[in-house]
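Tertiary structure, described
For reference, the chains in residue letters:
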Amino acid sequence: MAGNWKMYKTPAETKAFFEKFRPLVEKSEHCEVVICPPFTSLAAAVEAAGGSRIGVGSQNIAWAREGAFTGEISGPMLKAVGATHAIVGHSERRQYFGETDETVLKRAQAALEFGLTPIVCVGERLEQRESGGTEAVLVAQFQNGIAGLTPEQFAKIVIAYEPVWAIGTGKTATPEIAADAHRAIRAQARARYGAPAADATRILYGVCVKPDNVKSLMAQPEIDGVLVGGASLDAVGFASIVNF
Ligand code: 13P
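Okay, so let's go over this structure. Here the structure is a predicted model, which is why all the values come from computation and not from measurement. (Residues numbered from 1 in each chain as written. Predicted model: local features only at pLDDT ≥ 70, side-chain atom pairs only at ≥ 80, totals over all residues. Heavy atoms only, no water.)

**Some points on the overall build of the protein**
If you tally the helices and strands in the protein, you get twelve helices and eight strands. The C-alpha radius of gyration of the protein comes to 17 Å, within 12% of the 18 Å expected for a compact globule of 244 residues. Taken over the C-alpha atoms alone, the protein extends approximately 45 × 45 × 35 Å along its principal axes. Counting the 244 residues in the protein, one finds 52% classified as buried. For the protein, restricting intrachain contacts to residue pairs at least 6 apart in sequence, the fraction spanning at least 24 positions comes to 69%. If you sum the accessible surface of the protein, you get close to 11000 Å²; carbon and sulfur atoms cover 55% of it. In the protein, 24 side chains carry a positive charge and 26 a negative one; their mean positions are 3 Å apart. (Helix = DSSP H or I, 4+ residues; strand = E, 2+ residues; numbered from the N terminus. Rg over C-alpha atoms; globule rule 2.2 N^0.38 Å. Buried < 20%, exposed > 50% of the residue type's maximum accessible area, 1.4 Å probe, protein only. Contact = heavy atoms within 4.5 Å. Areas by Shrake-Rupley, 256 points an atom, 1.4 Å probe, with all protein chains shown as cover. Lys, Arg positive; Asp, Glu negative; His and termini not counted. Charge placed at Lys NZ, Arg CZ, Asp CG, Glu CD.)

Structure below.
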């Protein structure tokens, strides 16, 4: 159960969140919990999560170890601050910051090289869904991105499916629509890496997950977890999602 805070929360707000959130998930051993704050709040999150099972992830990661890459943050820097995960290829990065399947692959490889678990995002836009191209988009994102990983690397990643057309609209894909997309992604994984690897991969569903719809989403066997945006900003709300 992962929370993507996007561009919200200062270090002080992060600390306040964890003070409320930690006791609410202390006994939640049925799942992994990861919070992905902005870069500037990573240190505060790691400190506040110290001694708990809560992981802390970044929302992006550079493909290089270091160098002249203004505005980028590298794997070793994220490791040094205590991060455990890195979101890669979020639709907002693809839409506003020129992220491509090729850079998504390079960033995922960098995360793995430096010991971070990449949460690799895929998903179709509205016009792609309306023109019936959903599966083709997912196949292309898999083939051109994820499929470049070795089997050993693939075994360590988490995939997140985000139907981009639903982000910020308040509506979510039905559990059945989400499960169909997850099946299409898993079929790609099966063809490339074999059934055991595909079955073991965790595919998170990630749009408009709320305390009141998480149960029906998680009831789908194809949905292994969730990547939560807006609803992860509230400690009580996100805890009730974790403890669905
Ligand atoms: P919301 O949960 O706010 O729809 O955001 C989805 C998302 O982009 C998570 O990464």
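From this point, the narrative continues.
**Structural notes on unusual backbone geometry**
Phi is positive for Lys 6, close to 50°, though the residue is something other than glycine. Take Lys 6: it is sitting in the loop between strand E1 (2–4) and helix H1 (11–25). Since its relative accessible area comes to 21%, Lys 6 is described here as partly exposed. Notably, Cys 208 is not glycine yet its phi reads approximately 50°, a positive angle.

**Thoughts on the site of the ligand**
What surrounds the ligand is the set Asn 4, Lys 6, His 90, Glu 162, Ile 167, Gly 206, Val 207, Cys 208, Leu 227, Gly 229 and Gly 230. Here an oxygen atom of the ligand sits 2.9 Å away from a polar atom, N or O, in the main chain of Gly 229. With respect to the ligand, the backbone of Gly 230 contributes an N or O atom lying 2.8 Å from an oxygen atom. Relative to its unbound accessible area of 310 Å², the ligand is 94% covered by the protein chains. Taken together, the residues of the shell around the ligand sort by class into four nonpolar, five polar and two charged. (Near = heavy atom within 4 Å. Polar contact = N/O pair within 3.5 Å; in protein donor to acceptor, adjacent residues only side chain to side chain. Nonpolar A, V, L, I, M, F, W, Y, C, P; charged D, E, K, R; others polar.)

**Overview of the pattern of salt bridges**
Tallied over the entire structure, the rule returns 13 salt bridges. When the shortest N-O distance is used, the salt bridge between Asp 101 and Arg 94 registers 2.7 Å. Within the structure, one salt-bridge network assembled from shared partners comprises Glu 72, Arg 93, Glu 99 and Arg 107. (Salt bridge = Lys/Arg side-chain N within 4 Å of Asp/Glu carboxyl O.)

**Looking at the pairing of strand E4 (residues 85–88)**
For a regular strand, side chains alternate in direction, first toward one face of the sheet and then toward the other. Neither face of E4 is exposed, since His 85 and Ile 87 on one face and Ala 86 and Val 88 on the opposite face are all buried. Pairing analysis gives two bridges linking strand E3 (residues 54–58) to E4, with the strands arranged parallel. By the bridge assignment for E4, Ser 58 is matched with Ala 86. Handedness of the E3-helix H3 (residues 75–81)-E4 crossover: right-handed. When E4 meets strand E5 (residues 117–122), the two strands line up parallel, connected through four bridges. The residue of E5 that forms the bridge with His 85 is Thr 117. (Pairing = 2+ DSSP bridges. Right-handed = clockwise from strand over helix to strand, strands pointing away.)

**Some words on helix H2 (residues 42–49)**
Of all the residues in H2, the buried ones are Leu 42, Ala 44, Ala 45, Ala 48 and Ala 49. For H2, the arc enclosing every buried residue in end-on projection is 160°, short of the 170-degree limit, so these residues lie on one face. Those residues of H2 hidden inside the fold are in contact with H1, E3 and H3. Count one or two residues on from H2 and you reach Gly 51, which has phi positive near 85°. (Arc of directions from axis to C-beta.)

**Examining the sheet that holds E4**
Read around the barrel, eight strands follow the order E1-E2-E3-E4-E5-E6-E7-E8 and close on themselves; strand pairing throughout is parallel. Strand-to-strand twist in this sheet, taken as the mean axis angle between neighbours without regard to direction, amounts to 30°. Where E1 and strand E8 (residues 225–228) come together, two bridges link them in parallel fashion. Each residue of the ladder has a partner; that of Ala 2, found in E8, is Leu 227. Against the sheet, helix H9 (residues 175–193) touches E5, strand E6 (158–161) and strand E7 (202–205), its axis set at about 150° to E7. (Axes fitted to C-alpha atoms, helices over the stretch in contact; angles between N-to-C directions.)

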